[in-house]
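An overview of the molecular structure
Spelled out, the chains give:
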Amino acid sequence: MKYCFGVDVGGTTVKLGLFQTDGMLLDKWEIPTRKELEEDVILLDIAQAIEKKMQEKGFAKENIKGIGIGVPAAVRDGSFVKKVANLGWENKNVGKELEELTGYPVRVENDANVAALGEMWKGGGAGYNNLIMVTLGTGVGGGIILNGSILSGTNGGAGEIGHMLANRNETESCGCGKKGCLEQYASATGIVRIAKSKLNENEKQTLLDVNKLSAKDVFDAVKVGDEVAIEIAEEFGRYLGYALADIGAVLDPEIFVIGGGVSKAGDILFTYIQKYYDERTFFTCKDVKFSLATLGNDAGIYGAAKMVM
Ligand code: ZN
């Protein structure tokens, strides 16, 4: 039996998974992301964690196929990152450095792309080869899998669907500096933003409180039939559904997998997303499937491991 490691580097913790190459997860654990030190020790910490696990399990070096690693940045050529402010990395050849530290082959990719691959392999998109993953969290992340492989693009920037233009009349800026990005309406923060503007002009009875508001509050209220919450969900669904229809026309996927904090609202999301998707989709893409992500925070280690299998 051969083994490989899947690593997911986040701003506060690094998640690691040890897999058999048949796909079985044998062990998973976390280490802190030590980024406050003068010296950059993140990769060194990962190398040591892997070495320690190897000794603990008594595995021989030749039985390890490689290490896959997801990082919160655009990744070029499966290895190189230009700037990761969150980790203090700049012009770093992550793959090469970790290969030198461990002696194993390493493949690096953007974390959202890696999560998409994980969901295709063992999660909400299992059984499909052409998949778009949409992560609705603080922002809107995306990952594109075509013919079973990650599409990373020239600069590692492919799949950034949160920064597609959704409203050309927007006057407020997105975190990326542009105006009118999908993320400004379809992320958890975006939903709250829509909700606030609705509530400020609203005169109907509602369960929602403008001073204490989250995306979860909105969908909880939708589930009990709150009229104002439903209007907010419709607007969210219109932005996201139209954007997915555009993506469908370009990439013709088999399935959209929706993950991230907002996806905890459950299947009710599809009532609003699919309605607008169907309204604007190109005819070849009308039978696309929608599903919820199922791996949660483990999607990253699964996808990372899959890259080196
Ligand atoms: Zn943007």
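Residues numbered from 1 in each chain as written. Predicted model: local features only at pLDDT ≥ 70, side-chain atom pairs only at ≥ 80, totals over all residues. Heavy atoms only, no water.

Within the protein chain one finds nine helices and 13 strands. For a compact globule of 309 residues, the expected C-alpha radius of gyration is about 19 Å, and the protein chain comes in at 20 Å, within 12% of that figure. Overall size of the protein chain, expressed as C-alpha extent along the three principal axes, is 65 × 45 × 35 Å. Taken over 309 residues, the protein chain has a buried fraction of 52%. Pairs at least 24 apart in sequence give 60% of the contacts found in the protein chain among residues at least 6 apart. Side chains of the protein chain give 34 positive and 42 negative charges; the mean places of these two sets differ by 2 Å. (Helix = DSSP H or I, 4+ residues; strand = E, 2+ residues; numbered from the N terminus. Rg over C-alpha atoms; globule rule 2.2 N^0.38 Å. Buried < 20%, exposed > 50% of the residue type's maximum accessible area, 1.4 Å probe, protein only. Contact = heavy atoms within 4.5 Å. Lys, Arg positive; Asp, Glu negative; His and termini not counted. Charge placed at Lys NZ, Arg CZ, Asp CG, Glu CD.)

What follows deals with the coordination of the zinc ion. Perfect tetrahedral coordination of a metal by four donors corresponds to 109.5 degrees between them, and perfect octahedral coordination by six donors corresponds to 90 or 180 degrees. Protein coordination at the zinc ion: the donors are His 163 (ND1), Cys 174 (SG), Cys 176 (SG) and Cys 181 (SG), at 2.0 to 2.3 Å from the metal. Geometry at the zinc ion is tetrahedral, judged from the four donor atoms that bind it and their angles of 107 to 116° at the metal. Summarised as a motif, the one-chain spacing of the donors to the zinc ion is H-x10-C-x1-C-x4-C. Here the residue His 163 occupies a position in the loop between strand S11 (149-150) and helix H4 (183-186), and Cys 176 occupies one in the loop between S11 and H4, the gap between them amounting to 13 residues. The class for His 163 is partly exposed, based on a relative accessible area of 23%. (Donors = N, O, S within 2.8 Å, 3.2 Å for Na, K, Ca; no water. Tetrahedral: all angles 85-135°; square planar, octahedral: opposite > 155°, others 65-115°.)

The final tally for this structure, using the stated rule, is 19 salt bridges. With a shortest N-O distance of 3.4 Å, Glu 56 and Lys 53 are connected by a salt bridge. Of this pair, Glu 56 and Lys 53 both sit in helix H1 (residues 42-57), separated by three residues, roughly a single helical turn. Owing to a relative accessible area of 54%, Glu 56 belongs among the exposed residues under this scheme. (Salt bridge = Lys/Arg side-chain N within 4 Å of Asp/Glu carboxyl O.)

Once that is clear, we can look at the sheet that holds strand S4 (residues 64-71). The pairing of strands in a sheet happens through backbone hydrogen bonds and is either parallel or antiparallel. What the five strands build is an open sheet, ordered S3-S2-S1-S4-S8; its pairing is mixed. Pairing within the sheet leaves two strands with one partner each, and these edge strands are strand S3 (25-32) and strand S8 (106-110). Within the sheet, the average angular offset between the axes of one strand and its neighbour, ignoring direction, is 15°. With seven bridges joining them, strand S2 (residues 13-20) and S3 adopt antiparallel strand pairing. Looking at S3, one finds that Thr 13 is bridged to Pro 32. (Pairing = 2+ DSSP bridges. Axes fitted to C-alpha atoms, helices over the stretch in contact; angles between N-to-C directions.)

Taken as a whole and judged by the stated rule, the model has 12 aromatic pairs. Plain terms: the ring middles of Phe 256 and Phe 290 are 5.4 Å apart, the flat faces sit at 25° to each other, and that makes the pair stacked. Of this pair, Phe 256 sits in strand S12 (residues 255-259) while Phe 290 sits in strand S13 (residues 289-292), placing them 34 residues apart in sequence. One exposure class covers both Phe 256 and Phe 290, and it is buried. Aromatic side chains Tyr 277 and Phe 290 sit 5.3 Å apart centroid to centroid with 80° between the ring planes, which places their arrangement in the edge-to-face category. Placement of Tyr 277 in helix H8 (residues 268-280) and of Phe 290 in strand S13 is noted, with a sequence separation of 13 residues between them. (Phe/Tyr/Trp six-rings, centres within 6.5 Å; stacked < 30°, edge-to-face > 60°.)

Put simply, helix H5 (residues 188-200) and helix H6 (residues 215-223) touch, their axes get as near as 8 Å, and they point 65° apart. Residues Ala 188, Ile 191, Val 192 and Ala 195 of H5 form the contact with H6, whose own contacting residues are Ala 215, Val 218 and Phe 219. For the contact of H5 with H6, the per-class residue count stands at seven nonpolar, no polar and no charged. (Nonpolar A, V, L, I, M, F, W, Y, C, P; charged D, E, K, R; others polar.)

The next thing to look at is the sheet that holds strand S5 (residues 75-76). Overall, antiparallel pairing links the three strands, which are arranged S5-S6-S7 in an open sheet. Whereas interior strands pair on both sides, the edge strands pair on one side only; in this sheet they are S5 and strand S7 (89-93). Bridge analysis of S5 against strand S6 (residues 80-84) gives two bridges, and the strand direction is antiparallel. Note on S6: the bridge partner recorded for Val 75 is Val 81. Against the sheet, helix H2 (residues 94-102) engages S6 and S7, with an angle of about 65° to S7.

When H8 is considered as a whole, its buried residues turn out to be Leu 269, Phe 270, Tyr 272, Ile 273, Tyr 276 and Tyr 277. In this fold, the buried residues of H8 make contact with H6, helix H7 (227-251), S12 and S13.

With respect to the element layout, Tyr 239 can be found in helix H7. Not counting residues within four places of it along the chain, the set of residues in contact with Tyr 239 comprises Ala 166, Asn 167, Leu 182, Tyr 185 and Ile 194.

Take the packing of H6 against H7 next. With their axes 8 Å apart at the nearest point, H6 and H7 run at an angle of 115° to one another. In the crossing of H6 with H7, the sense of the turn from one axis to the other is left-handed. Contact residues: H6 offers Val 218, Phe 219, Ala 221 and Val 222, while H7 offers Ala 229, Ile 230, Ile 232, Ala 233 and Phe 236. A per-class count over the contact of H6 with H7 returns nine nonpolar, no polar and no charged. (Left-handed = near helix turned anticlockwise from the far one by under 90°.)

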